[in-house]
Amino acid sequence: MNKKELISLLEKEKIAFTCIEHPPVFTMEEMRQLNLPHTEDVPVNLFLRDDKKRNYYLVTMDPAGQTSLKAMRHILGSRPLSFASEKDLYEILGLEKGHVTPFGILNDTEKRSEAVIDIRFQNRPAGIHPLENTATVFLDGSDLYRFLEKQGCRIRWADFRQIL
C-alpha cells in the first residue's frame, strides 16, 4: 500500500482526518521545525523486535515518554527488545527508516507484527505519516485503532505512562 491508496482507504472508511503535505522529515526535531499545527500530537513511532526475532512491535507512543526498551518489555509482556533492523522494517512493513508509522502494519501481509498504541492517544488526535514522510495525517487515535483493527491488523492499547 502507498500513500495514495491509504488516503483513498481512509476516505472510503469515512475516517475523519486532515492531511498536511510538507518536506521530508526523518526525526522528531525536523518535524518540530516544520511548525505544523498540533505538533504536540505527533507521536514517536518505533519498530521493535524481541531477541528471538519471533515478535515484532510497531509502537506509537507519546513523545514525552522515554524509550526504555527494558520498561517496554515489561509493558508488552515480551522477551528482551531491540530496534528492528532496516532490512526487517522494509521486508515486513515496506517502510524505510524515517517513514515509520502505525499505518505500516497494513503492509504486513504475514501478520508478523503487532501495532501497539499508547493509551494517551485514546480520544486524542495523533499526527502520523501516511506511509511517506512527506505528509502528516491528523486523526483521532481511537479512529486509528478502529481503522487498523477493521483492516485485520493485530493491534492493542498499552499504558506507557510509567516510563515518562
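Residues numbered from 1 in each chain as written. Predicted model: local features only at pLDDT ≥ 70, side-chain atom pairs only at ≥ 80, totals over all residues. Heavy atoms only, no water.

Glancing now at helix H1 (residues 3-12). Every buried residue of H1 is accounted for by Lys 3, Leu 6, Ile 7, Leu 9 and Leu 10. Buried residues of H1, seen end-on, are gathered within an arc of 160° and therefore sit on one face of the element. For H1, the exposed residues set more than 90 degrees away from the buried face come down to Lys 4 and Lys 12. The inward-facing, buried residues of H1 contact strand S1 (18-21), strand S7 (135-140) and helix H5 (141-150). At the N-terminal boundary of H1, the capping side chain belongs to Asn 2, with an oxygen 3.1 Å from the backbone nitrogen of Lys 4. In the stretch just after H1, Lys 14 is the one whose phi turns positive, near 60°. (Buried < 20%, exposed > 50% of the residue type's maximum accessible area, 1.4 Å probe, protein only. Helix = DSSP H or I, 4+ residues; strand = E, 2+ residues; numbered from the N terminus. Arc of directions from axis to C-beta. Contact = heavy atoms within 4.5 Å. Polar contact = N/O pair within 3.5 Å; in protein donor to acceptor, adjacent residues only side chain to side chain.)

A few words on the packing of aromatic side chains. Taken as a whole and judged by the stated rule, the model has three aromatic pairs. Summarising the aromatic geometry, the rings of Phe 47 and Tyr 56 are spaced 5.6 Å apart at their centres and angled 20° between planes, so their arrangement reads as stacked. Judged on exposure class, the residue Phe 47 and its partner Tyr 56 are both buried. Arranged with centres 4.8 Å apart and planes meeting at 5°, the rings of Tyr 145 and Trp 157 form a pair that is stacked. In this pair, Tyr 145 is assigned in helix H5 and Trp 157 in strand S8 (residues 155-158), connecting sequence segments twelve residues apart. (Phe/Tyr/Trp six-rings, centres within 6.5 Å; stacked < 30°, edge-to-face > 60°.)

Okay, unusual backbone geometry next. In the Ramachandran plot, Lys 14 falls in the positive-phi region, its phi being about 60° despite a non-glycine side chain. Of note, Lys 14 is situated in the loop between H1 and S1. The residue Leu 131 is not glycine, and still its phi comes out positive at about 75°. Its location among the elements puts Leu 131 in the loop between strand S6 (125-128) and S7. Take Leu 131: its relative accessible area is 9%, and that puts it in the buried class.

Time to look at the side chain of Thr 136. Here Thr 136 shows up in strand S7. Note on Thr 136: relative accessible area 1%, which makes it buried. Within polar-contact distance, the side chain of Thr 136 engages the side chain of His 22 at 2.8 Å. If near-sequence neighbours (up to four positions away) are discounted, Thr 136 is found in contact with Thr 18, Cys 19, Ile 20, His 22, Met 31, Leu 36, Gly 127, Ile 128, His 129 and Pro 130.

Turning our eyes to something else, we now look at H5. One full turn of an α-helix is made of 3.6 residues, so residues set three or four places apart face in the same direction. Within H5, seven of the ten residues are buried, which leaves the element mostly enclosed by the surrounding structure. Every buried residue belonging to H5 is among Gly 141, Ser 142, Asp 143, Leu 144, Tyr 145, Phe 147 and Leu 148, and all of these are buried. Considering only its buried residues, H5 is in contact with H1, strand S5 (113-118), S6, S7 and S8. The opening residue of H5, the one whose side-chain oxygen lies 2.7 Å from the backbone nitrogen of Ser 142, is Asp 140.

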